[in-house]
Structure formats: C-alpha cells, structure tokens
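Residue-level structure breakdown
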Amino acid sequence: TGGLVKAYSDSVKEVLKKAETEEIIARTGFCILTGYEYYDKLRHALASFDITQLNENFLEGITITGRLASDEKDSFEKTFSQVTMGRARLTFSSGE
C-alpha cells in the first residue's frame, strides 16, 4: 500500500500544480430602479466597478441588477447618488 499512497500523492501534487485558482471576492447584490433619462450615465458609472451577473430589464422604467464587490459598496452608493441626483432607487441584498 505504500507504493499506492505515493502514486496518489504524486498525482495530486501534479494536479494541484496545474490547477487554476481564482480569488474569492465577497459580493453584495444590488437592484437599481431608474428612468430612461439616467440610463447612459449609470451604465458609464457601472463600468468602473467590479460587477458580475449584470442584468437589465427595460419596461416603463429600467431595472438593473447585479453583484458588486462588497468593498466597493460605499463608493458605488455615492456614485449612484451623484449620477441620479437622488431620483432613482438603489437597494442592496447580501444573499449569496
């Protein structure tokens, strides 16, 4: 069994050397409800943040949802307020 354990150990070491890793980033969900008049400015502002799972829904108004790097939340909220002049709605959720 000693030879078998060594063979498995060597195999695992080789796989781990070749495995790709990715940093785990804490994320916070967000939802923006806005009118069309702020859409272009918001999209431009959103591009400067680390956002995943971005989704947009266009009806009478626009709903934008996504997942933001949690350490950017305060900056995101400040930018959002500046861009929309307080005339749109932003909510956060911490769900995984």
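See above for the structure.
No experiment lies behind these values; they were computed from the predicted model shown.

A few words now on helix α1 (residues 2-18). Taking 1.5 Å as the rise per residue, α1 with 17 residues should run 24 Å; its terminal C-alpha atoms sit 25 Å apart, in good agreement. For α1, the buried fraction is low: zero of the 17 residues fall into the buried class.

Phe30, Ile32, Ile51, Ile64 and Phe76 are the most contacted members of the largest nonpolar core, which has 17 residues in total. Listing elements by their share of this core, those giving two or more residues are β1 (27-34), α2 (39-46), β3 (62-69) and α3 (73-84). The element contributing the most residues to this core is α2, with four residues. In contact with Phe76, not counting residues within four places along its chain, are Phe30, Ile32, Leu46, Phe49, Ile51, Leu68, Leu90 and Phe92.

In this approach the atoms are scanned with a rolling probe the size of a water molecule, which exposes any empty space left behind. Tallied over the entire structure, the rule returns one cavity of 30 Å³ or more. The calculated volume of the largest cavity comes to roughly 40 Å³. Considering the residues around the largest cavity, the lining is formed by Ile32, Leu42, Ala45, Leu46, Phe49, Phe76, Thr79 and Phe80. Mapped onto the lining of the largest cavity, the elements with two or more residues apiece are α2 and α3. Counted by class, the lining of the largest cavity contains seven nonpolar, one polar and no charged residues.

Taking burial as the measure, the eight residues of β3 include six buried ones, the bulk of the element. Counted along the chain from strand β2 (residues 51-58) to the antiparallel partner β3, the turn is three residues long.

Okay, the packing of α2 against α3 next. Look at α2 against α3: their axes get within 10 Å of each other, and the N-to-C directions meet at 155°. In terms of axis orientation, α2 runs roughly antiparallel to α3. Judged by the twist between their axes, the crossing of α2 over α3 is right-handed. In contact with Lys41, Leu42, Ala45 and Leu46 of α2, α3 contributes Phe76, Thr79, Phe80, Val83 and Thr84. When the residues that make up the contact of α2 with α3 are grouped by side-chain class, the tally is six nonpolar, two polar and one charged.

Rules used throughout
Residues numbered from 1 in each chain as written. Predicted model: local features only at pLDDT ≥ 70, side-chain atom pairs only at ≥ 80, totals over all residues. Heavy atoms only, no water. Helix = DSSP H or I, 4+ residues; strand = E, 2+ residues; numbered from the N terminus. Expected span 1.5 Å × (residues − 1). Buried < 20%, exposed > 50% of the residue type's maximum accessible area, 1.4 Å probe, protein only. Core = buried A, V, L, I, M, F, W, Y, C linked by side-chain atoms within 4.5 Å. Contact = heavy atoms within 4.5 Å. 1 Å grid on protein atoms, 1.4 Å probe; cavity = no way out; pocket = protein on both sides within 12 Å on 5 of 7 lines; lining within 4 Å. Points joined across faces, edges and corners; volume = space filled by probe spheres on them. Nonpolar A, V, L, I, M, F, W, Y, C, P; charged D, E, K, R; others polar. Pairing = 2+ DSSP bridges. Axes fitted to C-alpha atoms, helices over the stretch in contact; angles between N-to-C directions. Parallel < 35°, antiparallel > 145°, perpendicular 65-115°, else oblique. Left-handed = near helix turned anticlockwise from the far one by under 90°.

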